[in-house]
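One letter stands for each residue in the lines below.
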Amino acid sequence: MKLHLKIWRQPGKDHPGKLEMYDLDGLNPDMSFLEMMDVLNDRLTREGKEPVAFEHDCREGICGSCAMAINGEPHGPNDGATTCQVYLRSFKDGETLTVEPWRARAFPVLKDLVTDRSAFDRIMQAGGFISVNTGQAPDANAMPIGKETAEQAFDAAHCIGCGACVAACRNGSAMLFVAAKVSHLGLLPQGQPERKQRVRRMVEAMDAAGFGNCSNQYACEAVCPKEISADLIARMNRDYALSLVPKL
Amino acid sequence: MKLDARVPAGPLADKWKNFKASVRLVSPANKRKYEVIVVGTGLAGASAAASLAELGYRVKAFCFHDSPRRAHSIAAQGGINAAKNYQNDGDSVRRLFYDTIKGGDFRSREANVYRLAEVSVNIIDQCVAQGVPFAREYGGMLTNRSFGGAQVSRTFYARGATGQQLLLGAYSALSRQIGQGRVQMFPRHEMLDLVVADGKAQGIVTRNLVNGELKAHAADAVLLCTGGYGNAYYLSTYARGSNATAIWRAHRRGALFANPCFTQIHPTCIPVSGEYQSKLTLMSESLRNDGRCWVPKHAGDRRPAGLIPEEERDYFLERIYPSYGNLAPRDIASRAAKRVCDEGRGVGKSGLGVYLDFSEAIGRLGQKTVQERYANLFDMYHEITGESAYEAPMRIFPAVHYTMGGLWVDYHLMSNLPGLFVLGEANFSDHGANRLGASALMQGLADGYFVIPYTLGDYLSQQKPSGPRNAAETEAFWAATEDVQNRIRKLLEVRGGRPVSEFHRQLGKILWDQCGMSRTRKGLEQGIEQIRQLRKEFWEDLNVPGSGEDLNQSLEKAGRVADFLELGELMCRDALERDESCGCHFREEHQTAEGECARKDDSFAQVAAWEYSGEGKAAVRHVEPLKYEEVSLATRSYK
Ligand SMILES: Cc1cc2nc3c(=O)[nH]c(=O)nc-3n(C[C@H](O)[C@H](O)[C@H](O)COP(=O)(O)OP(=O)(O)OC[C@H]3O[C@@H](n4cnc5c(N)ncnc54)[C@H](O)[C@@H]3O)c2cc1C
Ligand code: SF4
Ligand code: FES
């Protein structure tokens, strides 16, 4: 099959970028989208041109590296899937695809499709943990946790930190990402002692990193490859409000 | 060279206890005077960096990823073993120890494996305390599944994303230390050389992957936690960035490389579909709890699975290994699959595949339960192949998955270079010639959380915290940085015609054919010749566009492939010199009447530890004899 690609090329952080056209022919519909990028890059290299910089690692939907928007949709057309899980059979022969990096104030472009998402790490460093040193833990079965609760915590913990939620949001808000971590730990009994300060610190770090506010459009939920529920945002807002109530 | 594993005296079950009781300590006030470099922040590195910082050491941690959370460990699916015996099914530390030694075909060090089994129980406690949402029963207790090579249920899991949840746990502990300023984190930094001065590891040279800046970092000890080297085969289940550069560079600086030919080929992966293929996807071993492997009884039977009647199917694992059935260990299951395909009974277009069938399980448990257990794996299979495993059996084939080989370490996890420690998949320590499923996560976290905090202290207590370096030492840092600089220039200056991926693919094919699931003297000798030729072409015809002062992914790849091209030859050499079959290492010349491995314990119950002797010169093979005090060397049987 044949595809026309318009890909964002930007030589560096403080350089202007633009879309460039590439035509690819002889593609196999069973190829993954990233394998098509490999084919393009090998061709560019042979032509003595610089290949397109893009991030990827696991190529199976779990590391969260492959941040790209295809035709304006973060992670492309498939529901509940990352860019690396998109196969060419999802597109029509002869289609034109626009490929761009995440667009968000807090995620500056470093080169071509590569963005700097370290703001997520800073939010985690502010409070995304349970403070327990190695060696302090009691027996794992000392505290029973209902199956239901464990499953809900897992659903929230499954976030891969890809940032698609931010890229999809017109305000560039990171609420879904933060809500997922706050809920994962807040749902579990182990997470209770630090519940209030955790949400407060993480929300403060999120604001400091330059993410926008949430205006309840839920574009985040629609693109999230792990189908994290936007209900968690309401849950986090409640926790946050409670965390501000002074101790009586 | 005499290799001293520094195994403590005393009965096996007391060694670690005794060691901890008599280990030399660094006082709390002195700990902050020591600086420790941790390279790699997957399970092994993140757990080590966090635990050492909690103790008070000053830690600098490095990874080539943009965030520690993206390390390859994130992709582990199936689970983590621990001898908790929560199922009351007869598990114990001793049994986990024995299963691991036997699974490794009696080619690992007894004392290390025993310690691993011993601390496995603490790992689960630690992870639960961090908030890892392991699967539970309705009553709120932790649940388990079975994995290959075991007759008990000791595998803890978090749906099909156990590695993700464990890594996020370790990453959160690490993040806490970074937030408190106790760990200085350097993401997007690649270690390109080790600095050795005065016979000790004293630091590393890194390249900033965004702007190309080279920098030397000094420390009192260096920990390499940089993962496995299976990507030497190009196609594998590894993440695409996984590479051998850190350990290979350390090897070139004097660290011994142990058992490089011990590579695990995992039986259940999605078969290759075309030339363009960039990676192979694992279907977790946990599927073999409920899936049954079969092929048609008659060669050349091309009917769709559904049209092949029950009596014309060969459930080959159940037939050959009745007591372990579909849960036979990986090396054994992979070879069995290869054999039936070689007989012309393979399925799928290429004939390189066997069925993994869930219809019996769906009938027994209902689709809902099967979905609950494996939904994400079934979804992944569907995405990649366009087929539903609820309706027709999966097609699977073996693929490169893990490397048991790695840098040689003693009981303390220290290499032969004082001050250089190696943790996780990067070392060779615990899995012998074959790793059992769910044991890599266990080993990575055991090394990082529970072993290194003790053994590193023992080393540092005998070292003065390094102040300013003397002239000779400073010179070593300069020289290493210059070497790195020159190498980068060399890669950029070839300016030939072929992209690096082409060389990598060719290397992979050579290794798969000559040093894969079965090996012969002739094939290995040929492989070595082919690799030398390819290496020559690489340095004549490589094309790396762009510059070194920029984010340049072609340059990153080229450096890694250059190292694979050297390591690949050593893998073949090692396979050639180990003139026996054991575990994953199947030399066709040495097999039993049934086609299983024939070990030669008299001559090869030993670790091969290779010493680098210069470019173009043959590496030197040293040995650590394996002495078994508690187990007797038996022929592995899973029948
Ligand atoms: C698909 C898959 C599924 C698996 N499932 C299981 C399972 O269910 N159970 C199980 O027990 N095991 C499983 N394994 C094996 C297991 O995941 C790995 O062995 C283990 O996670 C390795 O952890 P590690 O910490 O040693 O290395 P890794 O997680 O590979 O981490 C390596 C780290 O080193 C860094 N690094 C590497 N080189 C450099 C350098 N030169 N400079 C700077 N940084 C560097 C990387 O950035 C990364 O942070 C699986 C493996 C695969 C491929
Ligand atoms: S919430 Fe979803 S979209 Fe946002 S970072 Fe997590 S996985 Fe990605
Ligand atoms: S490459 Fe890992 S999620 Fe896409």
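Residues numbered from 1 in each chain as written. Chains lettered and ligands numbered in written order. Predicted model: local features only at pLDDT ≥ 70, side-chain atom pairs only at ≥ 80, totals over all residues. Heavy atoms only, no water.

1. What about the site of ligand 1?
All names here are of chain B. Taken together, the neighbourhood of ligand 1 is formed by 37 residues, with His-65, Ser-73, Met-191, Glu-425 and Leu-441 sitting nearest. Within the contact set of ligand 1, an oxygen atom lies 3.2 Å away from a backbone nitrogen or oxygen of Phe-64. Between ligand 1 and Leu-441, the relevant distance is 2.8 Å, taken from an oxygen atom to a main-chain nitrogen or oxygen of the residue. For ligand 1, the protein covers 98% of the area, taking 1,000 Å² as the surface of the free molecule. Of all the secondary-structure elements, those providing two or more residues to the shell around ligand 1 are helix H3 (43–55), strand S6 (189–197), strand S15 (394–403) and helix H12 (440–460). Broken down by element, the residue count for the shell around ligand 1 peaks at three residues, all from S6. In terms of residue class, the shell around ligand 1 is made up of 17 nonpolar, 17 polar and three charged. (Near = heavy atom within 4 Å. Polar contact = N/O pair within 3.5 Å; in protein donor to acceptor, adjacent residues only side chain to side chain. Areas by Shrake-Rupley, 256 points an atom, 1.4 Å probe, with all protein chains shown as cover. Helix = DSSP H or I, 4+ residues; strand = E, 2+ residues; numbered from the N terminus. Nonpolar A, V, L, I, M, F, W, Y, C, P; charged D, E, K, R; others polar.)

2. Remarks on the side chain of His-590 of chain B
With respect to the helices and strands, the residue His-590 of chain B is situated in the loop between helix H16 (553–577) and helix H17 (601–604). Those residues in contact with His-590 of chain B that lie beyond four places of it in its chain are Asp-579, Glu-580, Ser-581, Glu-596, Cys-597, Ala-598 and Lys-600 of chain B. (Contact = heavy atoms within 4.5 Å.)

3. A closer look at the domain arrangement of chain A
Residue and element names in this part refer to chain A. If you check the domain split of chain A, you get domain 1 (3–111) and domain 2 (118–244). A separation of 29 Å is found between the C-alpha centroids of domain 1 and domain 2. Listed as interface residues are 17 residues of domain 1 and, on the opposing side, 19 residues of domain 2. Summed over both sides, the interface between domain 1 and domain 2 buries roughly 1,300 Å², with carbon and sulfur atoms accounting for 63% of that surface. Here domain 1 and domain 2 share zero salt bridges between them. The interface formed by domain 1 and domain 2 includes three residue pairs in polar contact (both at pLDDT 80 or more). Grouping the amino acids of the side of domain 1 that touches domain 2 by side-chain chemistry returns nine nonpolar, five polar and three charged. (Domains from an automatic or database assignment. Buried area = accessible area lost by both parts, 1.4 Å probe. Salt bridge = Lys/Arg side-chain N within 4 Å of Asp/Glu carboxyl O.)

4. Side note on the interface of chain B and chain A
Each side of the interface is counted separately: chain B has 74 residues, and chain A has 74 residues. Between chain B and chain A the total buried area reaches about 6,100 Å² when both faces are included, carbon and sulfur atoms providing 49% of it. Residue Arg-188 of chain B pairs with Glu-55 of chain A through a salt bridge whose shortest N-O separation is 2.9 Å. For the pair chain B and chain A, the number of links is 44 residue pairs in polar contact (both at pLDDT 80 or more). Of all the secondary-structure elements, those providing two or more residues to the side of chain B that touches chain A are H3, helix H5 (110–130), helix H6 (162–179), helix H11 (367–385), H12, helix H14 (500–514) and H16 of chain B. No other element matches H6 of chain B, which puts nine residues into the side of chain B that touches chain A. Broken down by class, the residue content of the side of chain B that touches chain A amounts to 29 nonpolar, 27 polar and 18 charged.

5. Quick look at the site of ligand 2
Residue and element names in this part refer to chain A. In the vicinity of ligand 2, 13 residues are found, and the nearest of them are Cys-159, Cys-162, Gly-163, Cys-165 and Cys-224. Of all the secondary-structure elements, those providing two or more residues to the shell around ligand 2 are helix H4 (164–168) and helix H5 (175–187). Its residues assigned to classes, the shell around ligand 2 comprises 11 nonpolar, two polar and no charged.

6. Brief notes about H11 of chain B
Residues and elements named next belong to chain B. In a regular helix each residue adds 1.5 Å, so 19 residues correspond to 27 Å; H11 covers only 20 Å between its end C-alpha atoms and thus falls short of that length. Approximately 80 degrees is the largest bend angle found in H11, and it occurs at Tyr-374. Burial in H11 covers these residues: Val-370, Tyr-374, Leu-377, Phe-378, Met-380, Tyr-381, Glu-383, Ile-384 and Thr-385. Buried residues along H11 sit against helix H10 (359–365) and S15. One or two steps after H11, the chain reaches Gly-386, where phi turns positive at roughly 75 degrees. (Expected span 1.5 Å × (residues − 1). Bend = angle between axes of the 7 residues up to and from the residue. Buried < 20%, exposed > 50% of the residue type's maximum accessible area, 1.4 Å probe, protein only.)

7. Details of the nonpolar core
Where a protein is soluble and globular, its nonpolar side chains tend to be buried together. By size, the foremost hydrophobic cluster in this structure holds 206 residues, and its most contacted members are Phe-211 of chain A together with Ile-80, Phe-134, Leu-223, Leu-224 and Leu-420 of chain B. There are two domains that each give this core at least three residues, and those are domain 1 (3–111) and domain 2 (118–244) of chain A. Filtering out sequence-adjacent residues up to four positions away, Leu-420 of chain B remains in contact with Leu-194, Ala-201, Val-222, Leu-224, Ala-250, Ala-255, Leu-407, Leu-413, Met-414 and Ser-415 of chain B. Formed by 34 residues, the second largest nonpolar core is a distinct cluster that contains Ala-333, Ala-336, Ala-337 and Ile-362 of chain B. (Core = buried A, V, L, I, M, F, W, Y, C linked by side-chain atoms within 4.5 Å.)

8. A closer look at the state of the cysteines
All names here are of chain B. Applying the stated rule across the entire model yields zero disulfides over all chains. Among the cysteines around Cys-261, which has no disulfide bond, Cys-515 carries the closest sulfur, lying 6.0 Å off. Cys-261 gets classed as buried once you look at its relative accessible area, which sits at 0%. We note that Cys-597 lacks a disulfide partner, and the nearest cysteine sulfur, in Cys-582, lies 6.6 Å from it. (Disulfide = S-S within 2.5 Å.)

9. Looking at the packing of H5 of chain A against helix H6 (residues 195–208) of chain A
All names here are of chain A. One way to put it is that H5 packs onto H6 with a least axis distance of 10 Å and a crossing angle of 165 degrees. For the element pair H5 / H6, the angle class is roughly antiparallel. Remark: the crossing between H5 and H6 carries right-handed chirality. Only Arg-195, Arg-198, Val-199, Met-202 and Met-206 of H6 make contact with H5, whose side of the interface consists of Met-175, Val-178, Lys-181, Val-182, Leu-185 and Gly-186. Along the lines of polarity and charge, the residues of the contact of H5 with H6 split into seven nonpolar, one polar and three charged. (Axes fitted to C-alpha atoms, helices over the stretch in contact; angles between N-to-C directions. Parallel < 35°, antiparallel > 145°, perpendicular 65-115°, else oblique. Left-handed = near helix turned anticlockwise from the far one by under 90°.)

10. Considering unusual backbone geometry
All names here are of chain B. The backbone of Arg-188 sits at a positive phi, close to 50 degrees, despite the residue not being glycine. Locating Arg-188 in the fold gives a position in the loop between strand S5 (183–186) and S6. According to the relative accessible area criterion, Arg-188 is buried, its value standing at 12%. Notably, Ala-438 is not glycine yet its phi reads approximately 70 degrees, a positive angle. Within the secondary structure layout, Ala-438 lies in the loop between strand S17 (420–422) and H12.

11. Notes on the sheet that holds S17 of chain B
Note on sheets: strands pair through backbone hydrogen bonds, and any given pair is parallel or antiparallel. Residue and element names in this part refer to chain B. With parallel pairing, the five strands of this open sheet are ordered in space as S5-S2-S1-S9-S17. Edge positions in the sheet fall to S5 and S17, since each has one partner strand and no second. Sheet twist, expressed as the average angle between the axes of neighbouring strands with direction ignored, equals 20 degrees. Strand direction decides the pairing type here: strand S1 (residues 35–39) and strand S9 (residues 221–224), joined by four bridges, are parallel. Pairing of Ile-37 across the sheet is with Val-222, part of S9. (Pairing = 2+ DSSP bridges.)

12. Topic: the packing of helix H3 (residues 147–157) of chain A against H5 of chain A
Residue and element names in this part refer to chain A. Relative to each other, H3 and H5 sit at 160 degrees, their axes nearing to 8 Å. Judged by the inter-axis angle, H3 sits roughly antiparallel to H5. The two elements H3 and H5 meet at a crossing, and its hand is left-handed. Across the interface between the two elements, Thr-149, Gln-152, Ala-153, Ala-156 and Ala-157 of H3 pack against Ala-180, Ser-183, His-184 and Leu-187 of H5. Its residues assigned to classes, the contact of H3 with H5 comprises five nonpolar, four polar and no charged.

13. Topic: the packing of aromatic side chains
Residues and elements named next belong to chain B. Taken as a whole and assessed by the stated rule, the structure comprises 26 aromatic pairs over all chains. Considering the side-chain rings of Trp-16 and Tyr-454, the 5.7 Å spacing of their centres and the 80 degrees angle between planes classify their relative orientation as edge-to-face. Taken as a pair, Trp-16 in helix H1 (residues 15–22) and Tyr-454 in helix H12 lie far apart in primary sequence, 438 residues in all. By relative accessible area, which is 3% here, Trp-16 ends up buried. Relative accessible area serves as the criterion here: at 33%, Tyr-454 is assigned to the partly exposed category. When the centroid spacing of 4.6 Å and the interplanar angle of 40 degrees are considered together, the rings of Phe-378 and Tyr-390 count as tilted. Within this pair, whereas Phe-378 is found in helix H11, its partner Tyr-390 is found in the loop between H11 and S15, the two being separated by 12 residues in sequence. (Phe/Tyr/Trp six-rings, centres within 6.5 Å; stacked < 30°, edge-to-face > 60°.)

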